[in-house]
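Close look at the chain arrangement
The residues making up each chain are set out below.
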Amino acid sequence: MPQSSKSSKTVVEAPPSSSRLIEAEGTTLERALHSVVKVYVHVMESDYRSPWQNYMQEECTGSGFAVEIEGQMVLVTNAHVVASFTSCRVRKFGEVAKYKAEPLLIAHAADLALLAVDDAPFWKSMEPLELGELPRLYSNVAVVGYPFGGESGCVTRGVVSRVDTTTYVRGAEELLVVQIDAAINAGNSGGPALDEDFKVAGVAFSGFAGSADNVGFVIPKSVVDNVLRDWVDLQGAAPLLRKGGQQRRQQWPGLCNLGISTQTCENPALLRKLKAGGGEREGVLVTKVAAMGCAKAAGVRSGDMLLSIDGTSVAGDGTVPLRKSERVNFDHCVTSKRRHTKVEVKVLRDGEEVALQVTLQPLPRLVPLIDGFDAAPSYVVVAGLVFMPLSVPLISAVCGDDDSDADSDDDSDDAVVRDIHYLRDVFDKDKPDKETQIVVWTQTLAHDCNFGYERLCRKLPRLHKFNSTPVKNLAHLAFLAGVSGGGGGGDDDKRGGFGRRRRRKKQTNDNEKKTTPTEFYEFEFVAAHAAASDPTLVVVDRKEADDAQREILRRAKVPAPFSPDVRAPLKAFLTAAEAGGDHDLLGGKKKTPNTKKKQQHLEETDENDVADDELNDDDDDDDDDDDD
């Protein structure tokens, strides 16, 4: 019997044509492009060689994209795009209008920043991009942004070549990074890297500066997510988002860091020495524990063998598993977590396993790393000697122009610049307490009172003592030297900007009455990396230096004898002195009625006009008496 033709056939749907797939993909990509913006920034960076001024304003561009967090729309970009900004505007894809943007948070060490735009029309038809997951090796990615060479959005494609950990440009902690073979050029920074589902796999932030082609680096989604949640938490702690009609930027706390130095443990003899069971246990040897680190607070000791962090075993080469067949540095177990996260750290101590509960925190550094985050161009001028806290931006400014000839004279400026590289030895030194700074002598504003000392500052020596008193930090020096808020002009500056010597005559405190000013200002310097090195002594006549202060500042066009950020800690020292506290220490900040007027004056004085103000209102009232 013949069969029906209808029943004998099987219908198979034809696969979609490649043109249809490309069309669908193009539509999705176009929607993503409308969530990516071009960022226009004017920047004015600090000049650490002359800390009272900035470099000339410059223009730069970058990219950014919209995300939604806790019901709020924000833009994500790189921190290095908006660092040192003076103005910031953004433009949407395919539009002409540029909208004013304000940074909400700048996470320098993670190289991420969040921007807010107040104009409602900007957010019209703007769809936030969704954050994806850490991309797999060899998976496809598309980098979207606005690289140099044009105003239109640009898309480059590539595959994920590697997932590893590294320190970002502005940080010191090891963070996860995704390497791709798509080109990331200037202007792409801050743009999204989209996975195959057009979700954000990461943020483009760096290309390869060497000879390799098509090598780019992406900040993974996990780091982005942590920064977004940090901002939400900061808002919860300080819910007032606006101040004076403008968005108020939050201070990012930083990346978590155990505060330990380690050494790999792969040699069998070393493992036996550590009683690691003949190699049955793996880990790394803790060689140093920072005094202010969270590991120290939890009880980790030098000599311990670090076995695991939060349940993840640490191998003898210092790596931990990331995914199948992938390993990264164990720092990832710490930097991938947020502040206040509690983790269990297991160590081997004298052959016994010890479990410790660590509350993760950022690590304060003795030598700050990043301008605008933990470093600032702070300064104090005493007798024409300019003092600053040692920081990486300062060292970079001094060493950055090293284009010297190899045959240059050993006594030349270029040779001295090369010598300053020894300061890098202090980078990993521990910060013993919250207040301590390494105060270094950066330059000399030449005057007869400091004649003969000009060349002694060329290696940035550390100020160890002032008039036989150990110097704790920059504000401590300003206090010990009696530096006032007076600057390079005004009748009040006839006293030379050093206020404490004249104010002593007006104090009613018995201890102040007994104090007799010394004849000299004595500075004892040592090498910045070695407090026990041979000292260098600089002595200037106190009265001559006091009388010359105004002229020194005027000639060098220095607006004030100290930077505005020194005012608050200097006020604390003055308060302690009024209360009869120890002038050589930072303790005893108790307020007394005698300091009320001085504190109010310091709080109300505009920092931009600090050169025209005195630290004590009583100085103005008693000037005539002092001059008699």
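Residues numbered from 1 in each chain as written. Predicted model: local features only at pLDDT ≥ 70, side-chain atom pairs only at ≥ 80, totals over all residues. Heavy atoms only, no water.

A separate point is the environment of Glu30. Tracing the sequence through the fold places Glu30 in helix α1 (residues 18-33). Separated by 63 residues in the primary sequence, Glu30 and Phe93 place their C-alpha atoms 9.6 Å from one another. (Helix = DSSP H or I, 4+ residues; strand = E, 2+ residues; numbered from the N terminus.)

Judged by pairing direction, the barrel is antiparallel, and its six strands sit side by side in the order β1-β2-β3-β6-β5-β4 before closing back on the first. Neighbouring strand axes in the sheet, compared pairwise and without regard to direction, differ in orientation by 40° on average. (Pairing = 2+ DSSP bridges. Axes fitted to C-alpha atoms, helices over the stretch in contact; angles between N-to-C directions.)

On to the confidence of the model for the protein. Overall, the predicted model of the protein reaches an average pLDDT of 80, with 74% of residues at or above 70. Considering only residues more than four positions removed or in separate chains, one finds that residues 1-22, a stretch of pLDDT under 50, has two contacts. Counted against residues more than four places away or in other chains, residues 486-515, with its pLDDT under 50, gives 81 contacts. (pLDDT = per-residue confidence, 0-100. Contact = heavy atoms within 4.5 Å.)

Applying the stated criterion to the full structure yields 16 salt bridges. Lys199 serves as the salt-bridge partner of Glu130, at 3.4 Å between the closest nitrogen and oxygen. Taken together, the residues Glu130 in the loop between α3 (120-123) and β7 (140-145) and Lys199 in the loop between β10 (192-194) and β11 (200-207) connect sequence positions 69 residues apart. The exposure class of Glu130 is partly exposed, given its relative accessible area of 49%. Salt-bridge contacts for Asp547 lead to Lys543; the nearest nitrogen and oxygen are separated by 2.9 Å. One end of the pair, Asp547, and the other, Lys543, are both in helix α13 (residues 542-556), four residues apart, so they sit about a helical turn from each other. A relative accessible area of 42% places Asp547 in the partly exposed class. Overlapping salt bridges bring together Lys38, Arg91 and Glu151 as one network. (Salt bridge = Lys/Arg side-chain N within 4 Å of Asp/Glu carboxyl O. Buried < 20%, exposed > 50% of the residue type's maximum accessible area, 1.4 Å probe, protein only.)

As a further point, take the pairing of strand β9 (residues 174-180). In terms of burial, β9 is largely enclosed, as six of its seven residues are buried. Relative to β9, strand β8 (residues 154-167) runs antiparallel, the two sharing seven bridges. Residue pairing across strands places Val163 opposite Val178, the latter belonging to β9. Where β8 folds back on β9, the antiparallel hairpin that results is connected by six residues.

If you check the backbone angles, Phe198 has positive phi at about 60° while not being a glycine. Looking at where Phe198 falls in the secondary structure, it is placed in the loop between β10 and β11. Residue Ala383 is not a glycine yet carries a positive backbone phi of 55°. Take Ala383: it is sitting in the loop between β23 (380-382) and β24 (385-389).

Considering all chains together, one arrives at 12 aromatic pairs under this definition. On the numbers, 6.0 Å between centres and 40° between planes, the contact of Trp252 with Phe373 is tilted. Separated by 121 residues along the polypeptide, Trp252 in the loop between β14 (246-247) and β15 (260-264) and Phe373 in the loop between β22 (352-359) and β23 bring together distant segments of the chain. For Phe373, a relative accessible area of 24% puts it in the partly exposed group. Among the aromatic residues, those joined into a ring-pair cluster are Phe387, Trp441, Phe466, Tyr521, Phe523 and Phe525. Its end group placed over the ring of Phe122, Lys92 keeps NZ or CZ at 5.7 Å from the ring centre. Sitting above the plane of the Tyr40 ring, Lys98 keeps its charged end 4.0 Å from the centroid. (Phe/Tyr/Trp six-rings, centres within 6.5 Å; stacked < 30°, edge-to-face > 60°. Lys NZ or Arg CZ within 6 Å of the ring centre and 35° of its normal.)

Of all eight residues in helix α8 (residues 392-399), seven are buried; the element is thus mostly enclosed. Taken together, the buried positions of α8 are Val392, Pro393, Leu394, Ile395, Ala397, Val398 and Cys399.

It is worth spelling out the side chain of Lys431 at this point. Looking at the secondary structure, you find Lys431 in the loop between α9 (413-419) and β25 (439-444). The buried charged residue Lys431 lacks any salt bridge partner; its closest oppositely charged side chain belongs to Asp433, at an N-O distance of 6.0 Å. Looking at Lys431, its side chain comes within polar contact range of the main-chain oxygen of Thr436, at 2.6 Å. (Lys, Arg positive; Asp, Glu negative; His and termini not counted. Polar contact = N/O pair within 3.5 Å; in protein donor to acceptor, adjacent residues only side chain to side chain.)

The axes of two packed helices give the description: the angle between them and the distance between them. It is the contact of helix α10 (residues 474-481) with helix α14 (residues 567-578), at a shortest axis distance of 8 Å, that shows an interaxial angle of 50°. Looking at the two axes, α10 sits oblique to α14. Seen along the crossing, α10 lies across α14 with a hand that is right-handed. Residues Ala475, His476, Ala478 and Phe479 of α10 lie in contact with α14, whose contacting residues are Pro569, Leu570, Phe573, Leu574 and Ala577. The class makeup of the residues in the contact of α10 with α14 is eight nonpolar, one polar and no charged. (Parallel < 35°, antiparallel > 145°, perpendicular 65-115°, else oblique. Left-handed = near helix turned anticlockwise from the far one by under 90°. Nonpolar A, V, L, I, M, F, W, Y, C, P; charged D, E, K, R; others polar.)

You can see Ala355 is positioned in strand β22. Between the alpha carbons of Ala355 and Leu307 there is a distance of 9.7 Å; along the sequence they are 48 residues apart. Each residue touching Ala355, except ones within four places of it in the same chain, is listed here: Glu344, Val345 and Lys346.

Looking now at the pairing of strand β19 (residues 319-323). For a regular strand, side chains alternate in direction, first toward one face of the sheet and then toward the other. Alignment of β19 against strand β20 (residues 326-329), held across four bridges, turns out to be antiparallel. Along β20, the bridge assignment pairs Thr319 with Asn329. Between β19 and β20, which pair antiparallel in sequence order, lie two residues; one of them, Ser325, sits at a positive phi of approximately 70°.

To continue, consider the nonpolar core. Grouped together as the largest cluster of nonpolar side chains are 40 residues, with contacts concentrated most on Phe65, Val76, Leu112, Leu194, Ile219 and Leu228. The leading source of residues in this core is helix α4 (residues 221-237), at six residues. When neighbours within four sequence positions are excluded, Ile219 is seen to be in contact with Asn78, Ala110, Asp111, Leu112, Tyr168, Ala201, Gly202, Val203, Phe205 and Val224. With 35 residues, the next largest nonpolar core counts Val163, Ala204, Ala295 and Val334 among its residues. (Core = buried A, V, L, I, M, F, W, Y, C linked by side-chain atoms within 4.5 Å.)

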